[in-house]
Amino acid sequence: MATMDEMYQTLIIEHDRSPRNFKALEAPTHHAEGRNPLCGDEVSLDLRLDADGRIAEVGFQGQGCAVSKASASMMTTAIQGKTVDEAMALFDSFHAMLTGKTADKEILGKLKAFEGLAVYPMRVKCATMAWHVLKESLGASRES
Amino acid sequence: MSSVRAEFPIFSRTSRGKPLTYLDSGATTQKPQVVIDAELGFYEGWNANIHRGVYEFSERATMAYDGTRDTVAEFLGGVRADEIVFVRGTTEAINLVAHSYLKPKMTPGATVLVTEMEHHANIIPWQLVGATLKAIPVTDAGELDLQAAERMLGEGPLLLAVTHVSNTLGTINPIAELAAMAKRHGVPVLVDGAQAVGHFPVDLTTLGVDFYCFSGHKLFGPTGVGVLWGRHELLEAMPPFQGGGDMIDRVTFERSTFAASPQRFEAGTPNIAGVIGLDAAIRWLSAQDRPALERLDAELLAAGYEMLEQVPGLRFIARPASQVGVLTFTMDGAHPHDIASILDSEGVCIRAGHHCTQPLHARFGVPASARASFGPYTTEQDLLTLTRGLLKVRELFG
């Protein structure tokens, strides 16, 4: 499992410097925002679902630490093309992995790189914030 | 290695497998062995509740608890022991004053004058009792604008609530001068001394303020215990803060009357072990060569500024002329939480975030900062390790 140093070296800084899908969408079907009042991190997420209910396009914006930015960036690439249920399964596995519960790590793919963060509980919330925003954006739409 | 450091057992431990480099004394100080022994000794040897039993242990606990008022009164320059109220900490002390002193005086639109550098604990309690806040501005150097203070004190606030030392910048505010100014305008003064009392002696017989509060855990004592000092005539005129045992005179279902201060403000079984630990902490600190500790703090601060200036892209938030050992900064391209995580992997403990001073961070246009704060056990080696860690951050974030 990667140490904090290794996670920074191999993953976090690269995505912090050049985050993927760092943009607002022109015609999002779903949107949510999240904020961590303890550290001031903010993330705003846009999704566009196609007629089949797949995530066709995703964009995020915000400010925060490199961990939160890298996690949001990798989340956007991981959920692209997924159905809402598939994206929620990723949420559950990612969340379980970082909170020390039994997780289906196979489906996580590259997201497994965050596994080492589980031993730094103070930073876990940085990595899960974007995912909570994703869940909120999709959950809100399902009710409507 | 200073002899002071040897009295703190925690420094024989490692953090993340590295020697402990503790630079977060602004959040909480480490505890000398005598403080740990005092709390342990009470629980192991003579634990009992106070003000209740006539048996030996209860008597002894009562004597130790109430006797600590004498220790604190002397520590604060020789004030009256019955002006010492034990609370959970600085936060509870301020809430107590807000509810018992300010609230009964509140009128629509009444203001409390604070400063831009206040900790949230010296902001929220006043808002909760309905006060409108006005804030004395902070200059680019991280100091209070005293001309503005003079003008704003003339605008009729009910109270001036000001920190003695900024928890974020380390600025030592000119409290005696502010108190004299406030007195000319007839404004009472509360001082948040949480960051001050561990760094330099405070004499409340000459400072000219009305309320002063601090926490035990920032003074090498336990968490969950603190002190509110208030002028006797003010405390005597204030209604209780919380109701319960130990604060009463006589209780009936029709009405109850209350004990005199300070007991009136100490409802319920207090943190007895904490107060005993606080007594040990104050005795320990008072026995130190305090001018020497102040000189050491100043020397390390100068050395720290010099070392950190060599780190490319590092910016200090402000650099006050008079301050305690605190270095607060940002780094280009690296968020404070990432700085703190990378330092953590080197065993270096610092604080990252807004340090409960969001308005001050807004004033300086940054959402968060990194803070290294010193204690009497801090060494030049700690600062070298910090600097090496920050150069690694620089290397990673390029």
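Residues numbered from 1 in each chain as written. Chains lettered and ligands numbered in written order. Predicted model: local features only at pLDDT ≥ 70, side-chain atom pairs only at ≥ 80, totals over all residues.

### Here's the deal with the interface of chain B and chain A
We apply this condition: Residues are treated as contacting if the C-beta atoms built from their backbones sit within 7 Å of each other. What counts as a helix is a DSSP run of H or I of at least four residues, what counts as a strand is a run of E of at least two, and both are numbered from the N terminus. Three classes are used: nonpolar for Ala, Val, Leu, Ile, Met, Phe, Trp, Tyr, Cys and Pro, charged for Asp, Glu, Lys and Arg, and polar for all others, with Gly counted as polar.
Each partner contributes residues to the interface: chain B has 12 residues there, and chain A has 15 residues. Broken down by secondary-structure element, the contributors of at least two residues to the side of chain B that touches chain A are helix H12 (336-344) and helix H14 (380-397) of chain B. The biggest single contributor to the side of chain B that touches chain A is H12 of chain B, with four residues. Residue composition of the side of chain B that touches chain A, by class: five nonpolar, six polar and one charged.

### Thoughts on the domain arrangement of chain B
Accessible area lost when the parts come together is the quantity often used to give the size of an interface. All names here are of chain B. To be explicit about the condition: Per the annotation, domain bounds derive from an automatic or database assignment of domains.
Entries for chain B in the domain assignment read domain 1 (3-30 + 289-397) and domain 2 (35-286). On a C-alpha basis, the centroid separation for the pair domain 1 and domain 2 is 28 Å. Taken together, the 24 residues of domain 1 in the interface contact 28 residues of domain 2. Broken down by secondary-structure element, the contributors of at least two residues to the side of domain 1 that touches domain 2 are helix H11 (290-309), strand S14 (326-331) and helix H13 (358-363). Across the side of domain 1 that touches domain 2, the residue classes tally to nine nonpolar, nine polar and six charged.

### Digging into the sheet that holds strand S16 (residues 351-353) of chain B
Residues and elements named next belong to chain B. Our working definition: Any two strands with at least two DSSP-identified bridges between them are counted as paired. Fitting a line to C-alpha atoms yields each axis, with helices limited to the stretch in contact; the angle taken between N-to-C directions then spans 0 to 180 degrees.
Taken in spatial order, the four strands line up as S13-S14-S17-S16 in an open sheet, and their pairing is antiparallel. If you trace the sheet from one side to the other, it starts and ends with strand S13 (314-316) and S16, each paired once. Going across the sheet, the axis of each strand differs from the next one's by a mean of 30°, ignoring polarity.

### Brief notes about the pairing of strand S1 (residues 30-36) of chain A
Every other side chain in a regular strand lies on the same face of the sheet, so the side chains alternate between the two faces. Residues and elements named next belong to chain A. Examined bridge by bridge, S1 and strand S2 (residues 41-49) share seven bridges and lie antiparallel to one another. Each bridged residue has a counterpart across the sheet, and for Ala 32 the counterpart in S2 is Leu 45. Taken together, S1 and the strand that follows it, S2, pair antiparallel across an intervening segment of four residues, in which Gly 40 is found at a positive phi of about 85°.

### Points about H11 of chain B
Residues and elements named next belong to chain B. Where we set the bar: In a helix, the anticipated span is given by 1.5 Å times the number of residues less one. Any residue whose C-beta has 12 or fewer other C-beta atoms within 10 Å is treated as exposed, any with 20 or more as buried, and any in between as partly exposed, C-beta atoms being built from the backbone. Our arc is simply the arc of the directions from the helix axis toward the C-beta atoms.
The terminal C-alpha atoms of H11 lie 29 Å apart, and with 20 residues this matches the ideal 28 Å at 1.5 Å per residue to within 8%. Three or more residues of H11 are buried, namely Leu 296, Asp 297 and Gly 304. Seen along its axis, H11 keeps its buried residues to an arc of 100°; they face one direction. Of the exposed residues in H11, those oriented more than 90 degrees away from the buried face are Pro 291, Ala 292, Arg 295, Glu 299, Ala 302, Glu 306 and Glu 309. Buried residues along H11 sit against S14 and H14.

### Describing the environment of Pro 125 of chain B
Residue and element names in this part refer to chain B. With respect to the secondary-structure elements, Pro 125 resides in helix H5 (residues 124-128). Considering only alpha carbons, one finds Pro 125 and Val 72, 53 residues apart in sequence, at a separation of 25 Å. When neighbours within four sequence positions are excluded, Pro 125 is seen to be in contact with Ile 94, Asn 95 and Ala 98.

### Comments concerning the packing of helix H3 (residues 56-75) of chain B against helix H10 (residues 272-286) of chain B
A pair of packed helices is characterised by two quantities: the angle between their axes and the separation of those axes. Residues and elements named next belong to chain B. Condition: In this scheme, a crossing is called left-handed if the near helix is turned counterclockwise away from the far one by less than a right angle; it is called right-handed if the turn is clockwise.
At their nearest, the axes of H3 and H10 sit 9 Å apart, and the two run at 35° to each other. Helix-helix and strand crossings are classified by hand; for H3 and H10 the assignment is left-handed. Across the interface between the two elements, Ala 61, Ala 64, Tyr 65, Thr 68, Thr 71, Val 72 and Phe 75 of H3 pack against Ile 272, Val 275, Ile 276, Leu 278, Asp 279, Ile 282, Arg 283 and Ser 286 of H10. Classifying every residue of the contact of H3 with H10 by side-chain character gives 10 nonpolar, three polar and two charged.

### Focus: the environment of Leu 308 of chain B
Residues and elements named next belong to chain B. Relative to the helices and strands, Leu 308 resides in helix H11. Judged by local crowding, Leu 308 falls into the partly exposed class, with 19 C-beta atoms found within 10 Å. Between the C-alpha atom of Leu 308 and that of Thr 387, which follows or precedes it by 79 residues, the distance is 6.1 Å.

### Some points on the environment of Phe 374 of chain B
Residues and elements named next belong to chain B. For Phe 374, the location among the structural elements is in the loop between strand S17 (369-373) and H14. Note on Phe 374: 26 C-beta atoms within 10 Å, which makes it buried. Residues Phe 374 and Leu 300, spaced 74 residues apart in sequence, show a C-alpha to C-alpha distance of 8.5 Å. The residues touching Phe 374, leaving out its near neighbours within four places in the chain, are Leu 23, Ser 25, Asp 297, Leu 300 and Gly 325.

### Digging into the sheet that holds strand S3 (residues 55-63) of chain A
Residue and element names in this part refer to chain A. Ordered in space as S1-S2-S3, the three strands form an open sheet in which the pairing is antiparallel. Lying at the two open borders of the sheet, with one neighbouring strand each, are S1 and S3. Across the sheet, the axes of successive neighbouring strands diverge by a mean angle of 15°, strand direction being ignored.

### Here's the deal with the confidence of the model for chain A
Where we set the bar: One confidence number per residue, pLDDT, is output by the predictor and ranges from 0 to 100.
Per-residue confidence for chain A gives a mean pLDDT of 89, with 97% of residues at or over 70. Across chain A, the element-wise mean pLDDT spans from 84 in helix H1 (residues 4-17) of chain A up to 95 in S3 of chain A.

### A closer look at helix H2 (residues 66-79) of chain A
Relative to the 20 Å expected for 14 residues at 1.5 Å per residue, H2 of chain A spans 20 Å between its end C-alpha atoms, a close match to the ideal helical length. Gly 81 of chain A sits one or two positions beyond H2 of chain A and adopts a positive phi of about 85°.

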